[in-house]
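Read off the chains here:
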Amino acid sequence: MLTECMSVIAGAWAPNVIWSLRAGPRRFSELRIDIPPISAKVLSARLSELEERGVLRREVLPTSPPSVEYELTDLGAELIPALEAIVQVGHRLKEHHH
């Protein structure tokens, strides 16, 4: 099961996408702002991959023109405590390194 979980968060930018969605639904353009170095192509690929894995859901909003929002599923939200723990250890590693 560790391998399955790691394969989800090991993808380039996947943890960043999940982390950005922890506060609630975001549009594609908002995610691009949240994760400045990511290209539109890579973000699109990551969103599709995470949707296929059941980590997030994509909703087309009935606006004109139509817009799309992404949000974590219950399963995706379960990854947040693991990412928070990784961030905390990252801070300690950084302090130890300096």
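Up top is the structure.
Read on for a plain summary of the structure. (Residues numbered from 1 in each chain as written. Predicted model: local features only at pLDDT ≥ 70, side-chain atom pairs only at ≥ 80, totals over all residues. Heavy atoms only, no water.)

Concerning the pairing of strand 2 (residues 56–61)
Working step 1: Here strand 2 runs beside strand 3 (residues 67–72); their pairing, made up of six bridges, is antiparallel. Within strand 3, the residue paired with arginine 58 across the bridge is tyrosine 70.
Working step 2: In this structure, the hairpin formed by strand 2 and strand 3 is closed by a connection of five residues. (Pairing = 2+ DSSP bridges. Helix = DSSP H or I, 4+ residues; strand = E, 2+ residues; numbered from the N terminus.)

Here's the deal with the pattern of salt bridges
Working step 1: Tallied over the entire structure, the rule returns three salt bridges.
Working step 2: Residues arginine 26 and aspartate 34 are paired through a salt bridge, measuring 2.9 Å at the closest nitrogen-oxygen approach.
Working step 3: With its nearest N and O atoms 3.5 Å apart, the salt bridge here joins arginine 57 to glutamate 71. One end of the pair, arginine 57, is in strand 2; the other, glutamate 71, is in strand 3, and 14 residues separate them in sequence. (Salt bridge = Lys/Arg side-chain N within 4 Å of Asp/Glu carboxyl O.)

As for the packing of aromatic side chains
Working step 1: Using the criterion set out here, one finds zero aromatic pairs in the structure.
Working step 2: One Lys or Arg, arginine 22, reaches over the ring of tryptophan 19 and ends 3.8 Å from the middle of that ring. (Phe/Tyr/Trp six-rings, centres within 6.5 Å; stacked < 30°, edge-to-face > 60°. Lys NZ or Arg CZ within 6 Å of the ring centre and 35° of its normal.)

Topic: the nonpolar core
Working step 1: Within the largest apolar cluster, 19 residues are counted, with the highest numbers of intra-cluster contacts made by Val17, Ile18 and Leu50.
Working step 2: Those elements that place two or more of their residues in this core are helix 1 (2–9), helix 2 (14–21), helix 4 (40–52), strand 3 and helix 6 (80–97).
Working step 3: Not counting residues up to four positions away in its chain, the partners in contact with leucine 50 are Val8, Ala14, Val17, Ile18, Val55 and Leu56. (Core = buried A, V, L, I, M, F, W, Y, C linked by side-chain atoms within 4.5 Å. Buried < 20%, exposed > 50% of the residue type's maximum accessible area, 1.4 Å probe, protein only. Contact = heavy atoms within 4.5 Å.)

Examining the side chain of arginine 46
Working step 1: Looking at the secondary structure, you find arginine 46 in helix 4.
Working step 2: Once you skip the residues sitting within four places of it in the chain, arginine 46 turns out to touch Gly11, Ala12, Trp13, Ala14 and Val17.

Re the pairing of strand 3
Working step 1: Across two bridges, the pairing between strand 1 (residues 26–27) and strand 3 is antiparallel. Bridging across to strand 3, arginine 26 finds its partner in tyrosine 70.

Some thoughts on the environment of glutamate 49
Working step 1: Here glutamate 49 shows up in helix 4.
Working step 2: Taking C-alpha positions, glutamate 49 is 19 Å from alanine 82, a pair spaced 33 residues apart along the chain.
Working step 3: A distance of 3.2 Å separates the side chain of glutamate 49 from the side chain of arginine 46, its partner in a polar contact. (Polar contact = N/O pair within 3.5 Å; in protein donor to acceptor, adjacent residues only side chain to side chain.)

Looking at the sheet that holds strand 2
Working step 1: An order of 1-3-2 is seen for the three strands of this open sheet, with the pairing classed as antiparallel. Looking along the sheet, the strands with just one partner apiece sit at the ends: strand 1 and strand 2.

Comments concerning the environment of glutamate 52
Working step 1: Inspection of the secondary structure assignment puts glutamate 52 in helix 4.
Working step 2: By relative accessible area, which is 71% here, glutamate 52 ends up exposed.
Working step 3: Between the C-alpha atom of glutamate 52 and that of aspartate 74, which follows or precedes it by 22 residues, the distance is 14 Å.

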